[in-house]
Amino acid sequence: QVQPVESGGGLAQAGGSLRLSCAASGRTFVGWFRQTPGKEREFVAAINWNGGRTYYSDSVNGRFTISRDDAKNTVDLQMDTLKLEDTAVYYCATASPLYNDAIYNTKRYNNWGQGTQVTVST
């Protein structure tokens with residue numbers, strides 16, 4: 001499998017926006033996760049193979065939007081109303097179709113990108 005590649009990270013002010021992109025071949029299940037030093041990697045959002053179903057963590061629901069562009073083979077994460085606590089390394093990962101609690105489980109994703117840093121400042 002081709003390793004996903006993240007892009008679009010950087011520095012943003014609190015209340016601002018950033019858009020991350022994940023280049024992932026094929027119409028696979030794709031998830032975004034994030035991790036800060038000393039903490040476990042946590043689920044952020046996911047989207048199924050055709051974009052018909054999306055999933056969000058409570059901490060980002062209503063602020064982040066995941067979408068896919070099959071023409072470009074990308075899955076994007078639009079991050080709005082950013083908060084200081086959104087600062088993290090963001091990872092994109094792919095998986096076979098997932099359902100229920102498996103969607104939120106990092107161990108069910110088998111192909112990970114290298115990550116992109118997002119820093120939110122005051």
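Residues numbered from 1 in each chain as written. Predicted model: local features only at pLDDT ≥ 70, side-chain atom pairs only at ≥ 80, totals over all residues. Heavy atoms only, no water.

K.L.:
Sorry if this is basic, but what is going on with the overall build of the protein here?
P.N.:
Regarding its fold elements, the protein presents zero helices and eleven strands. Against the compact-globule benchmark of 14 Å for 122 residues, the protein has a radius of gyration of 13 Å, which places it among compact chains. Counting only C-alpha atoms and orienting by the principal axes, one finds that the protein spans roughly 40 × 30 × 25 Å. In the protein, which comprises 122 residues, the share counted as buried stands at 43%. At a minimum sequence separation of 6, the contacts of the protein that also span at least 24 residues come to 58%. Total accessible area computed for the protein in this model is approximately 6,500 Å², and 46% of it derives from carbon and sulfur atoms. The protein carries 12 positive and 11 negative side-chain charges, and their two centres are separated by 3 Å. (Helix = DSSP H or I, 4+ residues; strand = E, 2+ residues; numbered from the N terminus. Rg over C-alpha atoms; globule rule 2.2 N^0.38 Å. Buried < 20%, exposed > 50% of the residue type's maximum accessible area, 1.4 Å probe, protein only. Contact = heavy atoms within 4.5 Å. Areas by Shrake-Rupley, 256 points an atom, 1.4 Å probe, with all protein chains shown as cover. Lys, Arg positive; Asp, Glu negative; His and termini not counted. Charge placed at Lys NZ, Arg CZ, Asp CG, Glu CD.)

K.L.:
What is the right way to read the pattern of salt bridges from this model?
P.N.:
It is possible for side chains bearing opposite charge to pair when their charged atoms get close. Applying the stated criterion across every chain, the model contains five salt bridges. We note a salt bridge from aspartate 76 to arginine 19, for which the minimum N-O separation is 3.2 Å. Here arginine 19 lies in strand 3 (residues 18-23) and aspartate 76 lies in strand 8 (residues 74-79), a separation of 57 residues in the sequence. Notably, a salt bridge pairs arginine 34 with glutamate 42, separated by 2.6 Å at the nearest N-O pair. (Salt bridge = Lys/Arg side-chain N within 4 Å of Asp/Glu carboxyl O.)

K.L.:
In this structure, what is going on with the environment of glycine 16? I would like to understand it.
P.N.:
For glycine 16, the location among the structural elements is in the loop between strand 2 (10-13) and strand 3. Placed 14 residues apart in sequence, glycine 16 and valine 30 show a C-alpha to C-alpha distance of 25 Å. Ignoring sequence-local partners within four residues, the contact set of glycine 16 consists of Met79, Asp80, Thr81 and Leu82.

K.L.:
Could you clarify how one ought to interpret the packing of aromatic side chains in this entry?
P.N.:
Aromatic ring pairs are reported here in terms of the distance separating the ring centres and the angle at which the planes meet. One pass over the full model with this rule turns up eight aromatic pairs. Residues phenylalanine 29 and tyrosine 109 carry aromatic rings whose centres are separated by 6.3 Å and whose planes lie at 55° to one another, so their mutual orientation is tilted. Placement of the pair is phenylalanine 29 in strand 4 (residues 29-35) and tyrosine 109 in the loop between strand 9 (88-95) and strand 10 (111-112), with a sequence separation of 80 residues. Tyrosine 109 matches phenylalanine 29 in its accessibility class, with the two residues each being buried. Judged by its relative accessible area of 3%, tyrosine 109 falls in the buried class. (Phe/Tyr/Trp six-rings, centres within 6.5 Å; stacked < 30°, edge-to-face > 60°.)

K.L.:
Explanation requested: the environment of glutamate 40 in the structure shown.
P.N.:
As for its placement among the helices and strands, glutamate 40 is situated in the loop between strand 4 and strand 5 (42-47). Judged by its relative accessible area of 71%, glutamate 40 falls in the exposed class. In this structure, the C-alpha to C-alpha distance between glutamate 40 and tyrosine 55, residues 15 residues apart in sequence, is 19 Å. The residues contacting glutamate 40, other than those within four sequence positions of it, are Arg34 and Gln35.

K.L.:
I keep staring at the sheet that holds strand 7 (residues 64-69) and nothing clicks. Help me out?
P.N.:
Backbone-to-backbone hydrogen bonds pair the strands of a sheet. The strands run either parallel or antiparallel. Pairing is antiparallel in the open sheet, where four strands are placed in the order 1-3-8-7. Of all the strands in the sheet, the pair left with one neighbour each is strand 1 (5-7) and strand 7. When strand polarity is set aside, the average angle formed by the axes of neighbouring strands in this sheet is 20°. The sheet contact formed by strand 3 and strand 8 spans six bridges and is antiparallel. From the neighbouring strand, serine 21 faces strand 8, where its bridge partner is aspartate 76. (Pairing = 2+ DSSP bridges. Axes fitted to C-alpha atoms, helices over the stretch in contact; angles between N-to-C directions.)

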